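Working through the structure, step by step
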Amino acid sequence: MLYRKMPKSGDKISALGFGCMRFPVLDQDPSKIDESKATEMLHYAIEQGVNYLDTAFPYHGTGMGEPGNSEPFLGKALKGSYRKKIKLASKLPSWSIQSRKDMDKYLNLQLKRLDTDCIDYYLLHTLSVDFWANLKKLGVTDFLDQAIKDGKIKHAGFSFHDNSKTLFKEIVDAYDWTLCQIQYNYLDEHYQAGKEGMQYAANKGMGVVVMEPLRGGSLATKLPDAAVQAFQEVKPERTPAEWSLRWLWNHPEVTVILSGMNTMAHLQQNIKSANDAKANEMPGKELETIENVKSILHEKVRVGCTSCGYCMPCPVGVHIPQNFSYLNDFYRFDDKQTKSHTRIMYSRLLSDKEKASACVECGKCEEHCPQHIPIREKLKEASETLLLTK
Ligand SMILES: NC(=O)c1ccc[n+]([C@@H]2O[C@H](COP(=O)([O-])OP(=O)(O)OC[C@H]3O[C@@H](n4cnc5c(N)ncnc54)[C@H](OP(=O)(O)O)[C@@H]3O)[C@@H](O)[C@H]2O)c1
């Protein structure tokens, strides 16, 4: 296993981290972890040198507001010598915080659930404009300072899924964070915090934890045939998952890649890739291959939105770039399961007023779009295509 230094803490972190959101489950029920299989995988990973585990309050539960089973499972599975061998990361459920007291309440509860005295890396979960404004107002930076002082957490960070790079930079500048966690992969190079955000954080001495390196699996097994063929035509022979992970490890800014692995075979493959993937060593020819696959995926783009946000805010609250991002995902991947997952995301992650279906066709957005996208027409298409009942 190769290790990279978390710049501010000095900890040596394994290049591959274990994302504890997708353990094997029973009866296809995400809240029922298959504890015997998951324990076997976790112990194997640690014995092979994986030393960074990422969990959160709701993982393996029934909804974001509910306590999930990932934390208590880890509490049990890490008993004995395992806890000492790893760095544990968990997250404050930002959406559930109504007061400063809530922050202490959740942290104390999480320490109990994880059966540990101290969480090594504690992150504010999935910061958005609203969550960040609320947490800031309620004194979250004092809370983090105090938790570090009390020895309940060692280092503080945040995870980010918002589309605004300005917000990302504002948060980076607001506190002496040790790390940030961002969605990053070859297809999402400029999405959300993106490369720009990653470099900004790294330049400030922060560690960068990458989540969704395989876009939740779609870059591994759900690529269109032309993309799979493009990978198959070049040497060395690698799976699409390995190409994707190696592209990430080639970035010196990346401290650790989290993958949510739910089979021993995937775990073993990802560990094998992590054993020799160094930064800045991917030859130009291999980078070209990735660019080629990227352009195959981009050819399937239904709407040329770059998420610049010039169209926003929409007077009635439609989240225009996010709707287009889902519409593009729907057409980009041929696989039925990914298409249905995209519809679920559209249905669950956008509020009713943010959905394409809420567009009143005023056309204000079109006055500002630098790509001259017929936004009203494309929103109509998104609303029809992404309907969950289809
Ligand atoms: N803070 C946040 O807001 C947030 C959000 C998302 C994730 N996270 C964290 O980041 C972690 C990583 O994200 P992720 O789970 O989405 O990671 P990911 O690696 O992009 O996706 C995991 C999926 O990829 C597939 N996979 C993994 N290794 C593979 C291989 N070698 N070959 C083929 N397929 C492979 C599996 O899909 P199949 O099951 O389809 O086989 C697996 O379920 C999560 O587990 C969680 O800890 C945090």
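Residues numbered from 1 in each chain as written. Predicted model: local features only at pLDDT ≥ 70, side-chain atom pairs only at ≥ 80, totals over all residues. Heavy atoms only, no water.

**Focus on the site of the ligand**
By nearness alone, 29 residues border the ligand, and Arg22, Asp54, Leu214, Ser259 and Asn270 come closest of all. Separating an oxygen atom of the ligand from a side-chain N or O atom of His125 is a distance of 3.3 Å. Gly217 is positioned with one of its backbone polar atoms (N or O) 3.5 Å from an oxygen atom of the ligand. Of all the elements in the fold, those that place two or more residues in the shell around the ligand are β6 (119-127), β10 (254-259) and α12 (264-274). (Near = heavy atom within 4 Å. Polar contact = N/O pair within 3.5 Å; in protein donor to acceptor, adjacent residues only side chain to side chain. Helix = DSSP H or I, 4+ residues; strand = E, 2+ residues; numbered from the N terminus.)

**Observations regarding the environment of Asp27**
Mapped onto the secondary structure, Asp27 falls in the loop between β3 (16-19) and α1 (35-47). Relative accessible area serves as the criterion here: at 61%, Asp27 is assigned to the exposed category. Spatially, the C-alpha atom of Asp27 lies 36 Å from that of Ile296, the residues being 269 residues apart in sequence. Within the structure, Asp27 has its side chain in polar contact with the side chain of Lys32 (distance 2.7 Å). (Buried < 20%, exposed > 50% of the residue type's maximum accessible area, 1.4 Å probe, protein only.)

**So, the pairing of β6**
With 9 of 9 residues buried, β6 is to be regarded as a mostly interior element. The handedness of the strand β5 (residues 87-92) to β6 crossover, carried by helix α4 (residues 100-114), is right-handed. (Right-handed = clockwise from strand over helix to strand, strands pointing away.)

**Re the sheet that holds β6**
Read around the barrel, 8 strands follow the order β3-β4-β5-β6-β7-β8-β9-β10 and close on themselves; strand pairing throughout is parallel. Each neighbouring strand pair of the sheet contributes to a mean axis angle of 30°, computed without reference to strand direction. As paired strands, β6 and strand β7 (residues 153-160) are joined by 6 bridges and run parallel to one another. Bridge pairing in β7 links Tyr121 to His155. (Pairing = 2+ DSSP bridges. Axes fitted to C-alpha atoms, helices over the stretch in contact; angles between N-to-C directions.)

**Here we look at the pattern of salt bridges**
Scanning all chains against the criterion turns up 27 salt bridges. Put simply, Arg246 and Asp276 hold a salt bridge, and the shortest N to O gap is 2.8 Å. Here Arg246 is found in helix α11 (residues 240-249), whereas its partner Asp276 is found in the loop between α12 and α13 (284-299), with 30 residues between them in sequence. When its relative accessible area of 14% is taken as the criterion, Arg246 is described as buried. Classification of Asp276 by relative accessible area gives partly exposed; the value is 45%. For Arg302, the salt bridge goes to Glu381, with nearest N and O atoms at 2.6 Å. (Salt bridge = Lys/Arg side-chain N within 4 Å of Asp/Glu carboxyl O.)

**Here's the deal with the side chain of Ser159**
Take Ser159: it is sitting in strand β7. Given a relative accessible area of 2%, Ser159 falls into the buried group. In this structure the side chain of Ser159 is engaged in a polar contact, spanning 2.7 Å, whose partner is the backbone nitrogen of Thr126. Among all residues touching Ser159, those that are not within four sequence positions of it are Lys91, Leu123, Leu124, His125, Thr126, Leu127, Gln181 and Met211. (Contact = heavy atoms within 4.5 Å.)

**So, the domain arrangement of the protein chain**
Here the domain parsing of the protein chain yields domain 1 (3-289) and domain 2 (320-385). Computed over C-alpha atoms, the centres of domain 1 and domain 2 are 28 Å apart. Here domain 1 and domain 2 share an interface that buries about 740 Å² over both sides, 50% of which is from carbon and sulfur atoms. It is Arg215, Lys222 and Pro224 that lose the most area in domain 1 upon contact with domain 2, and together they represent 53% of the buried surface on that side. Summed over the shared surface of domain 1 and domain 2, the result is 1 salt bridge. (Domains from an automatic or database assignment. Buried area = accessible area lost by both parts, 1.4 Å probe.)

**Notes on the pairing of β7**
In summary, the side chains of a regular strand alternate between the two faces of the sheet. Burial within β7 is extensive, with 7 of its 8 residues counted as buried. As paired strands, β7 and strand β8 (residues 179-183) are joined by 4 bridges and run parallel to one another. Bridging from a neighbouring strand, Ser159 pairs with Gln181 of β8. Each parallel crossover has a hand, and for β7 linked through helix α7 (residues 165-173) to β8 it is right-handed.

**Re the packing of helix α2 (residues 70-77) against α4**
Running from N to C, α2 and α4 cross one another at 45°; their axes reach a closest spacing of 7 Å. Considering their axes alone, α2 and α4 lie oblique with respect to each other. Where α2 approaches α4, its residues Glu71, Pro72, Leu74 and Gly75 are matched on the opposing element by Gln110, Arg113 and Leu114. For the contact of α2 with α4, the class distribution of residues is 3 nonpolar, 2 polar and 2 charged. (Parallel < 35°, antiparallel > 145°, perpendicular 65-115°, else oblique. Nonpolar A, V, L, I, M, F, W, Y, C, P; charged D, E, K, R; others polar.)

**A few points about the nonpolar core**
Counting 86 residues, the largest nonpolar core has Phe18, Leu74, Leu124, Phe158, Trp177 and Tyr186 as its most contacted members. Top contributing element to this core by residue count: α11, with 6 residues. Not counting residues up to four positions away in its chain, the partners in contact with Leu124 are Leu92, Ser94, Trp132, Leu135, Val140, Leu144, Gly157, Phe158, Ser159 and Trp177. (Core = buried A, V, L, I, M, F, W, Y, C linked by side-chain atoms within 4.5 Å.)

**Some details on α4**
Because each turn of an α-helix spans 3.6 residues, side chains separated by three or four positions end up pointing in the same direction. Between its first and last C-alpha, α4 extends 22 Å over 15 residues, near the 21 Å set by a 1.5 Å rise per residue. Summarising the contacts, the buried residues of α4 are in contact with α2, β5, β6, α5 (129-137), α6 (140-149) and β7. In the segment just after α4, Asp115 is the residue with positive phi, at about 50°. (Expected span 1.5 Å × (residues − 1).)

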